[in-house]
Amino acid sequence: MTVVVTMHDGSAFMLSRNLWAEKVVEQINAARGLGKLIALETDRTPTGQMVHLDPDLVQSVRDDR
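What this report covers is the structure whose coordinates are included nearby. These figures come from a predicted structure and were not determined experimentally.

### Thoughts on the sheet that holds strand β2 (residues 12-14)
- Pairing is antiparallel in the open sheet, where three strands are placed in the order β2-β1-β5. Where the open sheet ends on each side, the last strands, each with one partner, are β2 and β5 (58-64). Direction aside, the axes of adjacent strands within the sheet are offset by 20° on average.
- When strand β1 (residues 2-7) meets β5, the two strands line up antiparallel, connected through six bridges.

### Points about the side chain of Thr2
- Structurally, the position occupied by Thr2 is in strand β1.
- Note on Thr2: relative accessible area 3%, which makes it buried.
- Apart from residues lying up to four places away in sequence, Thr2 is in contact with Met14, Leu15, Arg17, Asp43, Arg62, Asp63 and Asp64.

### A look at helix α1 (residues 21-31)
- Those residues of α1 that fall on the buried side of the exposure criterion are Ala21, Val24, Ile28 and Ala31. Seen from one end, α1 has its buried residues packed into an arc of 100°, which puts them on one side. Residues Lys23 and Ala30 are exposed on α1 and point more than 90 degrees away from its buried face.
- Where α1 is buried, its residues meet β1, β3 (38-41) and β5.

### Observations concerning the nonpolar core
- Within the largest apolar cluster, 13 residues are counted, with the highest numbers of intra-cluster contacts made by Val5, Leu15, Val24, Ile38, Leu40 and Leu53.
- For this core, the secondary-structure elements that each account for two or more residues are β1, α1, β3 and β4 (50-53).
- Ranked by the residues each element gives to this core, the list is headed by α1, at four residues.

### Comments concerning the side chain of Thr42
- With respect to the helices and strands, the residue Thr42 is situated in the loop between β3 and β4.
- Residue class for Thr42 comes out buried when judged on its relative accessible area of 9%.

### Section: the environment of Val5
- Relative to the elements of secondary structure, Val5 occurs in strand β1.
- With 21 residues separating them along the chain, Val5 and Glu26 place their C-alpha atoms 13 Å apart.
- Excluding residues that lie within four positions of it along the chain, Val5 makes contacts with Ser11, Ala12, Phe13, Leu15, Val24, Leu53, Val58, Ser60 and Val61.

What counts, and where the lines are drawn
- Residues numbered from 1 in each chain as written.
- Predicted model: local features only at pLDDT ≥ 70, side-chain atom pairs only at ≥ 80, totals over all residues.
- Heavy atoms only, no water.
- Pairing = 2+ DSSP bridges.
- Helix = DSSP H or I, 4+ residues; strand = E, 2+ residues; numbered from the N terminus.
- Axes fitted to C-alpha atoms, helices over the stretch in contact; angles between N-to-C directions.
- Buried < 20%, exposed > 50% of the residue type's maximum accessible area, 1.4 Å probe, protein only.
- Contact = heavy atoms within 4.5 Å.
- Arc of directions from axis to C-beta.
- Core = buried A, V, L, I, M, F, W, Y, C linked by side-chain atoms within 4.5 Å.

Structural data, given as C-alpha cells:
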C-alpha cells in the first residue's frame with residue numbers, strides 16, 4: 001500500500017510504504033495555517049528521500065492499493 005498526496009496544482013507524490021493515510025492526514029491538518037512546510041518520506045530509491053509540502057495546498061490524501 002502506498003499513500004498518494006495530491007496537491008492543488010495537480011502534482012502527486014507517492015509516500016513511503018510504511019506511512020498510513022490517517023497519520024499523514026493528521027500531520028497535514030495539524031500544520032494547516034501555520035505557514036510551515038511538512039516533511040514526508042517518499043517511496044523513491046534510495047529510501048529516505050524527503051518531500052517538503054505546504055499543507056495548505058494539499059488537495060487529497062489516499063491509499064493507493
